[in-house]
Structures are given as C-alpha cells and as structure tokens.
Amino acid sequence: MAGLTEFRRVARDVSNWGRWGADDELGTLNFITAEKVSHAASLVRHGKVFPLGVDFGSSGPQGAFHFRHNPVLVMTVDGGDANTLAQYGPRWTQNPTAEQMGGYFVDNLFRFNEDMVIMPLQAATQWDALSHVYYEDKLYNGFAAGSVTSMGAYHCSIAKVDVKGITSRGVLLDLVRHRGAEVFLEQGNPITPQELDDVVRAQGVTIERGDIVVIRTGWWARFLQTGNKTEPFSGLHWRCASWLHDHEVAAVASDNLQVEDLVPDVEGAFLPMHLLCLRDMGLMLGEFWDLTALAEDCAADGVYDFQLVAPPLRFVGAVGSPVNPIAIK
C-alpha cells in the first residue's frame, strides 16, 4: 500500500492547475477542440446508435450509500384527478390548486398528466463535476473548497461545462473481453496502466488527445442479473490517473459505480483516483454507463472508436448531473 507521500508526488505530476489559466473551470475538457468534435462526427459511418444510459427508477443502483437514494417518481396530476376535479374543483374555493385544475377539465376535452422526480443528481448514469471531490480545502485549479456552499458550487459546477457539450471521440476499452471474464471483473485484480496499454494494442485502437475513454468492467450487466448494489468489483487502479494524464484524455467513464477499484491502496486517502482526477487533473468521471450492447458491436466489427455525445444537464451550482450518453458508429 502506498503512502500519502507517494500519492502527493503523483498529484504534482498530474496536476493541471494553471495549465489553461488561473480562472479555468473546464479542466481536461479543454482538450476537446473544434477539430476534435469534427473528427468525432466523421466516425459515424453506419448510423448505429447505442444509448449508454441506464434506467432512473426505484430499482436503480443507489441506496447502499445512505446519503444517496434511488429516484422517486411522484405524479402531481393523473387520470383520476381529471374526473374528480372536473366535478368538484370549480367549487373548491378553499383549495386554489383544485379550483384551478377543475377549471381546466370541466366542459373540456383537454386532459393531461404531470409528474416530478425527487432524486440525487448522481442517482444513476451521471457525470461527476470537478467540484464533487476535493482535499486540503482546495478544488481543481486551486479554488477554495469553501466556494461550495449550501447554495451550490460557485466554482467548477456541472453548469460550467455547458460550453463544451460534451461531445468527442469515444474509445471503448473492453476489459471484460480482454480478460475473458464471463460477466464482470471480480474484485481482487485492479486494472493497471500496463493492462490498459495491452487492451489498446489488442483492440488495434489508439488513444488520442481529447478522447473520452470508456472502461467496460461488466458491473452493470452483473447488477442486472443479481440486483446486488454492493457487489465488489475490479476497477481502475489509482495509478491509472497518470496514464490518463499522459494520454491527455478529456474524460473517463465506466459501467461501475465509481470507475476506480474499490480496494484502498493509498493509506489515508479514500478513492485516491477521484482525488487525482477531479481535484488535481480536472478530469471528469462518468459512472453507471451501460456498455453491453456497444461492446458487442465493437467486438463484432473490430471498431472501438465512435462519436460520443454526453452533455450533462445544466444544473446551476450542482456537483454532478444525470446524463443519457449516446455512442454513434
């Protein structure tokens, strides 16, 4: 197990603070240039579309962490309301909502349903914003951690990345197929930088500046089989942060719950890769992406790069966002 001295050495090596100026809040998304976006669009040859998002619902993957729950769908207007409020609403002056709704329905063909969702913004397929994780009272690029208040994140919120989309060349690295795993990568064998290089060579693909690297561990497919939200798995070893930095990757996403390996390997630092990527590099993490269908197609035609379109929702001050990523080949 490494110590904090070694961790801090790696943190200095991968740091992008000041690289794009003292006011930068985009981090490695700066690698996605107009030319990069144009090249990504040129990868669409067949018009095949692969949605990579998972269901947002009560049977989702959250709940193991007590501070993060699955979405709750609430119907605020339904079919039963229409008939009842058409009869009683116009006379229900003690209840302005019922009175107003009844006015919509009485003597009118018009009917509608309405709903709302209560959920953490990172309830299922999502992006971590750069303000999601910090240490020693600093966010990415040296912004004060105290700039994230109960009113939201003043610096590095998910809304700040709207100018980038996010769309770029996506590259799938299929660790399940590379290892010959039946379903997913069981705990005990984290993914190393050397193994990432091995997969790149085996798939005959390259990693280029501004790419979004997508890591298949098989965890989501396993979850659909078992419903086990806490099943351990193998993810990226924290030293893969250096690999991502050296390749000037724009972002990284995976089909598991936190991209990196669950087994702690830095004494005194929980989720060290999160710290290195989000806080030091300014590199966003995507979690709970469904890569099964995409992986099958990539294996069938031998093409592992594609246009990836994955814009977050523009929640002002938020430290993460739901997303429904789309891969297009």
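Our subject is the structure that appears above.
What you see is a predicted model; the values in this text were computed from it and never measured.

1. Some words on the packing of aromatic side chains
For any pair of aromatic rings, the description consists of the separation of the ring centres together with the inter-plane angle of the planes.
Right, on to step 1. Tallied over the full model, the rule gives 13 aromatic pairs.
Right, on to step 2. With a centroid separation of 5.5 Å and 10° between ring planes, the pair formed by Trp219 and Phe223 is classed as stacked. Taken together, the positions of Trp219 and Phe223, both in helix H7 (residues 219-226) and 4 residues apart, correspond to about one turn of that helix.
Right, on to step 3. Judged by centre distance (5.8 Å) and plane angle (50°), the rings of Trp219 and Phe288 are tilted. Of this pair, Trp219 sits in helix H7 while Phe288 is found in the loop between strand S10 (284-287) and helix H10 (292-301), placing the two residues 69 residues apart along the sequence.
Right, on to step 4. The class of Trp219 is buried, set by a relative accessible area of 1%.
Right, on to step 5. An aromatic cluster is built from Trp219, Trp220, Phe223, Phe233 and Phe288, whose rings are joined through pairwise contacts.
Right, on to step 6. Over the ring of Tyr154 we find Lys160, and its NZ or CZ is 5.8 Å from the ring centre.

2. Thoughts on the side chain of Glu248
Right, on to step 1. Take Glu248: it is sitting in the loop between helix H8 (240-246) and strand S9 (251-254).
Right, on to step 2. Here the side chain of Glu248 touches Arg209 through a polar contact of 2.6 Å, side chain to side chain.
Right, on to step 3. If sequence neighbours within four positions are ignored, Glu248 has contacts with Arg19, Phe31, Glu208, Arg209 and Gly210.

3. As for the nonpolar core
Right, on to step 1. Trp127 and Leu173 are the most contacted members of the largest nonpolar core, which totals 73 residues.
Right, on to step 2. The dominant element in this core, judged by the number of residues it contributes, is helix H9 (residues 272-281), at 6 residues.
Right, on to step 3. Residues Phe184, Trp219, Trp220 and Phe223 belong to the second largest nonpolar core, which totals 10 residues.

4. Observations regarding the side chain of Ser131
Right, on to step 1. Here Ser131 lies in the loop between strand S4 (126-128) and strand S5 (148-149).
Right, on to step 2. A polar side-chain atom of Ser131 sits 2.9 Å from the main-chain carbonyl oxygen of Cys156.
Right, on to step 3. Non-local contacts of Ser131, meaning those with residues more than four positions away in its chain, are made with Leu139, Val148, Ala153, His155, Cys156, Ser157, Ala318 and Val319.

5. Quick word on the environment of Trp17
Right, on to step 1. Locating Trp17 in the fold gives a position in the loop between helix H1 (4-14) and helix H2 (34-42).
Right, on to step 2. It is 25 Å that separates the C-alpha atoms of Trp17 and Ser254, two residues lying 237 residues apart in sequence.
Right, on to step 3. Leaving out residues up to four positions away in the same chain, Trp17 has contacts with Lys138, Leu139, Tyr140, Asn141, Gly142, Arg279 and Asp280.
Right, on to step 4. Within polar-contact distance, the side chain of Trp17 engages the backbone oxygen of Arg279 at 2.9 Å.

6. With respect to the packing of helix H3 (residues 79-88) against helix H4 (residues 96-105)
Right, on to step 1. Taken N-terminus to C-terminus, the directions of H3 and H4 make an angle of 100°; their axes are 8 Å apart at the nearest point. Taken together, H3 and H4 sit at an angle that is classed as roughly perpendicular. Along the contact surface, H3 presents Asp81, Ala82, Leu85 and Ala86, while H4 presents Ala98, Met101, Gly102 and Phe105.
Right, on to step 2. For the contact of H3 with H4, the residue count by class is 6 nonpolar, 1 polar and 1 charged.

7. A look at a nonpolar patch on the surface
Right, on to step 1. Taken together, the side chains of Val72, Met116 and Ile118 make up a nonpolar region of the molecular surface, amounting to roughly 260 Å² of accessible area.
Right, on to step 2. Within the secondary structure, Val72 sits in strand S2 (residues 72-77).
Right, on to step 3. Take Val72: its relative accessible area is 44%, and that puts it in the partly exposed class.

8. A short note on the packing of H1 against H9
Right, on to step 1. Direction vectors running N to C along H1 and H9 enclose 35°, while the axes themselves pass 9 Å from each other. The two elements H1 and H9 cross, and the hand of that crossing is right-handed. Packed against H1, whose contacting residues are Phe7, Val10, Ala11 and Val14, the element H9 presents Pro272, Leu275, Leu276, Asp280 and Met281 at the interface.

9. Notes on the pairing of S9
Right, on to step 1. With burial as the criterion, each face of S9 is covered, one bearing Ala251 and Ala253 and the other bearing Val252 and Ser254.
Right, on to step 2. Examined bridge by bridge, strand S8 (residues 212-216) and S9 share 4 bridges and lie parallel to one another. Following the sheet pairing, Val214 is matched in S9 by Ala253.
Right, on to step 3. The pairing of S9 with S10 spans 3 bridges and is classified as parallel. Bridge assignment links Val252 to a residue of S10, and that residue is Leu285.
Right, on to step 4. Handedness of the β-α-β unit built from S9, H9 and S10 comes out right-handed.

10. A short note on the pattern of salt bridges
Right, on to step 1. Summed over all chains, the structure comprises 23 salt bridges.
Right, on to step 2. Notably, a salt bridge pairs Glu208 with Lys36, separated by 3.7 Å at the nearest N-O pair. With Glu208 in the loop between helix H6 (193-203) and S8 and Lys36 in helix H2, the pair connects residues that are 172 residues apart, well separated along the chain.
Right, on to step 3. A relative accessible area of 8% places Lys36 in the buried class.
Right, on to step 4. For Glu248, the salt bridge is made with Arg209, and the minimal N-O distance between the two is 2.6 Å. Of this pair, Glu248 sits in the loop between H8 and S9 while Arg209 sits in the loop between H6 and S8, and the two are 39 residues apart along the sequence.

The rules behind these values
- Residues numbered from 1 in each chain as written.
- Predicted model: local features only at pLDDT ≥ 70, side-chain atom pairs only at ≥ 80, totals over all residues.
- Heavy atoms only, no water.
- Phe/Tyr/Trp six-rings, centres within 6.5 Å; stacked < 30°, edge-to-face > 60°.
- Helix = DSSP H or I, 4+ residues; strand = E, 2+ residues; numbered from the N terminus.
- Buried < 20%, exposed > 50% of the residue type's maximum accessible area, 1.4 Å probe, protein only.
- Lys NZ or Arg CZ within 6 Å of the ring centre and 35° of its normal.
- Polar contact = N/O pair within 3.5 Å; in protein donor to acceptor, adjacent residues only side chain to side chain.
- Contact = heavy atoms within 4.5 Å.
- Core = buried A, V, L, I, M, F, W, Y, C linked by side-chain atoms within 4.5 Å.
- Axes fitted to C-alpha atoms, helices over the stretch in contact; angles between N-to-C directions.
- Parallel < 35°, antiparallel > 145°, perpendicular 65-115°, else oblique.
- Nonpolar A, V, L, I, M, F, W, Y, C, P; charged D, E, K, R; others polar.
- Patch = residues over 30% accessible without salt bridge, like charges linked within 9 Å, V, L, I, M, F, W, Y side chains within 5 Å.
- Areas by Shrake-Rupley, 256 points an atom, 1.4 Å probe, with all protein chains shown as cover.
- Salt bridge = Lys/Arg side-chain N within 4 Å of Asp/Glu carboxyl O.
- Left-handed = near helix turned anticlockwise from the far one by under 90°.
- Pairing = 2+ DSSP bridges.
- Right-handed = clockwise from strand over helix to strand, strands pointing away.

Function cannot be read off these values alone, since they describe shape.
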